[in-house]
Amino acid sequence: MEQINEDIWINILKYLPMCDQLSLAQVNQNISSYVKYQWGHLKTVTLAREDLEFLDRNRKLMRECLGGWSATVEHLSLPSASSDLLRKWTEYSFPHLRSLHCYMDYNLEEADEETLLLTKLFPLLTKLSLYSSTTGRHLWHWRQLKELSLHWCEYLDPDNFAEIFGSLKLTKLSLLYYGYNVNLGEKVVDITRCSTLEELHIDDHHLLGDFLPRLMNLPHFRRLAFYTRDYYEFLLGSVARHKPLKVQSLLFNDSFWSSERVAESMLHMTNLRRLVLQEDDIDSQQLHNICHKLPNLEELHLLAMREVPSPSHLWNSIGHCHYLRILNLSSTKLSSQWVDLRNSCLSKVLLSRRIPLTLHLHNTGLDASKVLRDFDCASLKISFEPIHLNIWSSRFVEIEFSPDS
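These remarks concern the structure in this document. (Residues numbered from 1 in each chain as written. Predicted model: local features only at pLDDT ≥ 70, side-chain atom pairs only at ≥ 80, totals over all residues. Heavy atoms only, no water.)

**Topic: the overall build of the protein chain**
- Within the protein chain one finds 15 helices and 15 strands.
- If you line up the protein chain on its principal axes, its C-alpha atoms span 75 × 60 × 35 Å.
- Here the protein chain holds 405 residues, and the buried ones make up 52% of them.
- The contacts of the protein chain with a sequence gap of at least 6 include a subset with a gap of at least 24, amounting to 69%.
- Of the roughly 18800 Å² of accessible surface on the protein chain, 47% is carried by carbon and sulfur atoms. (Helix = DSSP H or I, 4+ residues; strand = E, 2+ residues; numbered from the N terminus. Buried < 20%, exposed > 50% of the residue type's maximum accessible area, 1.4 Å probe, protein only. Contact = heavy atoms within 4.5 Å. Areas by Shrake-Rupley, 256 points an atom, 1.4 Å probe, with all protein chains shown as cover.)

Next comes the structure, spelled out in structure tokens:
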């Protein structure tokens, strides 16, 4: 190891987890100096439970480690922590830390004291993902917070919501239990006190009552994503009744299920620009009606579908979408019929196109080199490049709104 020069050591250390860096810091003086140099320039730090416990037992190394990166770190991840392990950190300051991902041990009796400790350790956060037994007390001390995720914080007390959401100027909030038996009650409406809110991730049953209409009336609100088991039809119907023309994008991940009620609600959303169905079902007639009655559709993504309409049915439907720019059939097994120009339906659609259409065929089983070699049509472009979508969970609906509609 002595033969490795400094530049190579610094490059190696960038890819090592903290446990390995801590071990190397104890090998000899030379290698320790490289590790300490690396710590003095870190922007992102992840400390596993074993790292925290090791530092807790080694105060000298803790001073060198935390003293090295506390002044520069911007993003900190603590996948397993406790207040006992963090109390000794109060002698350090973290002037540039803006993002914290923290999973605290179950500790119902001291959970709020833990939250208060975190606010004192890291007062300048703008982004927080907290997994703990918190009731929500003291969250309002993070006055600069913009993004707050409280996944699985099942002991939140809605009585604290008025203070939290009346004080913080959040743009993004996540309150998810994935169908777990947690009911936030009527005080969940206090979330709408946060007039700066732009995006919310939540379980569908919390959106019942007056909450959803008030949410859609917020001046900057643009995206709602909800995990769903029971209420997706009612919620899409509510959106269609209150703000149908504000909807510009819909994404269903294993949640459309060929629902007649949802399809009917969608037909009122005539400004819809983007429709995504992933690992889902849609009836051929439903797809035809959607394409026929939503004239502004620009993107249609049918991904990993359990059953996709036949080429003739699909191309007949696409013929009504004169502004469609993207048709994405990726991750669905297809035959060569889909790009056969001898297909009369396809030829007819392409002849009437006003603007070129790009067909995405990533991971469809088709031979990219053969398709691209044999296909030549100015109004239809073929791509085998993937389109990356934000599929963050199973069984959810995402609605994107246009704030200026």
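From this point on, the discussion continues.
**Let's talk about helix H7 (residues 111–121)**
- With 8 of 11 residues buried, H7 lies mostly within the body of the structure.
- Residues Ala111, Asp112, Glu114, Thr115, Leu117, Leu118, Thr119 and Leu121 constitute the buried set of H7.
- Elements in contact with the buried residues of H7: helix H6 (83–86), strand E3 (99–104) and strand E4 (127–131).

**With respect to the pattern of salt bridges**
- Across all of its chains, the model carries 26 salt bridges by this definition.
- Asp56 is the partner of Lys88 in a salt bridge, and the nearest nitrogen-oxygen pair spans 2.9 Å. Within this pair, whereas Lys88 is found in the loop between H6 and E3, its partner Asp56 is found in helix H4 (residues 49–57), the two being separated by 32 residues in sequence.
- For Asp84, the salt bridge identified is with Arg87, shortest N-O distance 2.6 Å.
- Residue Asp84 is classed as exposed on the basis of its relative accessible area, which comes to 54%.
- Each of Glu198, Glu199, Arg222, Arg223, Glu398 and Glu400 takes part in one network of salt bridges that share partners. (Salt bridge = Lys/Arg side-chain N within 4 Å of Asp/Glu carboxyl O.)

**Topic: the pairing of strand E2 (residues 75–81)**
- With 3 bridges joining them, strand E1 (residues 44–46) and E2 adopt parallel strand pairing. Looking at the pairing, Thr46 lines up with Ser77 of E2. (Pairing = 2+ DSSP bridges.)

**Brief notes about the packing of helix H12 (residues 284–293) against helix H13 (residues 311–318)**
- Two elements in contact, H12 and H13, have axes whose closest approach is 8 Å; the angle formed by their N-to-C orientations is 15°. Regarding the angle of H12 to H13, the classification is roughly parallel. At the point where H12 passes H13, the crossing takes the right-handed sense. Counted together, Ser284, Leu287, His288 and Cys291 of H12 and His313, Leu314 and Ser317 of H13 form the full contact between these two elements. (Axes fitted to C-alpha atoms, helices over the stretch in contact; angles between N-to-C directions. Parallel < 35°, antiparallel > 145°, perpendicular 65-115°, else oblique. Left-handed = near helix turned anticlockwise from the far one by under 90°.)

**Let's talk about the nonpolar core**
- Formed by 127 residues in total, the largest nonpolar core has its most connected members in Trp69, Trp89 and Trp315.
- When residues no more than four places from it in sequence are discounted, the contact partners of Trp89 are Leu47, Leu52, Met62, Leu66, Trp69, Leu76, Leu78, Phe94, Leu121 and Phe122.
- Among the nonpolar cores identified, the runner-up in size contains 8 residues, and Ala225, Tyr227, Val276 and Leu303 belong to it. (Core = buried A, V, L, I, M, F, W, Y, C linked by side-chain atoms within 4.5 Å.)

**A look at the environment of Asp254**
- Relative to the helices and strands, Asp254 resides in the loop between strand E9 (247–253) and helix H11 (260–266).
- The buried category is assigned to Asp254, whose relative accessible area is 18%.
- Each C-alpha atom, one on Asp254 and one on Gln278, is 6.2 Å from the other, the two residues being 24 residues apart in sequence.
- In this view, Asp254 contacts Gln278, Glu279, Asp280, Arg306 and Arg395; residues no more than four positions away in its chain are not counted.
- A polar contact is formed between the side chain of Asp254 and the side chain of Arg306, at a distance of 3.3 Å. (Polar contact = N/O pair within 3.5 Å; in protein donor to acceptor, adjacent residues only side chain to side chain.)

**Overview of the environment of Ser383**
- Summarising the element assignment, Ser383 is placed in strand E14 (residues 380–383).
- Between the C-alpha atom of Ser383 and that of His360, which follows or precedes it by 23 residues, the distance is 4.8 Å.
- Once residues within four sequence positions are removed from consideration, Ser383 is found in contact with Thr358, Leu359, His360, Leu361 and His362.
- A polar contact of 3.1 Å, which involves the side chain of Ser383, links it to the backbone nitrogen of Glu385.

**Digging into unusual backbone geometry**
- Positive phi, normally seen in glycine, also occurs at Ser331, with a value near 65°.
- Look at Ser331 and you get partly exposed, because its relative accessible area is 33%.
- Even without being glycine, Arg395 reaches a positive phi, approximately 50°.
- Considering the arrangement of structural elements, one finds Arg395 in the loop between E14 and strand E15 (396–401).
- Given the relative accessible area of 31%, Arg395 is considered partly exposed.

**What to know about H4**
- Of the positions making up H4, those classed as buried are Asp51, Leu52 and Leu55. Seen along its axis, H4 keeps its buried residues to an arc of 100°; they face one direction. Facing away from the buried side of H4 by more than 90 degrees, the exposed set consists of Glu50 and Arg57.
- As for H4, its buried residues are in contact with helix H2 (18–24), E1, helix H5 (59–69), E2 and H6. (Arc of directions from axis to C-beta.)

**Things to note about a nonpolar patch on the surface**
- Residues Tyr106, Leu108 and Tyr155 make up a contiguous nonpolar surface patch of roughly 320 Å² in combined accessible area.
- For Tyr155, the location among the structural elements is in the loop between strand E5 (147–149) and helix H8 (161–167).
- Taking the relative accessible area as the measure of exposure, Tyr155 reaches 32% and is therefore partly exposed. (Patch = residues over 30% accessible without salt bridge, like charges linked within 9 Å, V, L, I, M, F, W, Y side chains within 5 Å.)

**Quick look at the state of the cysteines**
- Scanning all chains against the criterion turns up 0 disulfides.
- Here Cys65 stays unpaired: no disulfide links it, and the sulfur of Cys19, its closest cysteine neighbor, is 12 Å away.
- The structure places no disulfide on Cys291, whose sulfur is separated from the nearest cysteine sulfur, that of Cys321, by 3.6 Å. (Disulfide = S-S within 2.5 Å.)

**Some words on the side chain of His360**
- Residue placement: His360 occurs in strand E13 (residues 357–360).
- What makes His360 buried here is its relative accessible area of 11%.
- Of the polar contacts made by the side chain of His360, one reaches the backbone oxygen of Glu385; its length is 3.3 Å.
- The residues contacting His360, other than those within four sequence positions of it, are Ile326, Leu327, Asn328, Leu329, Ser330, Ser383, Glu385 and Ile387.

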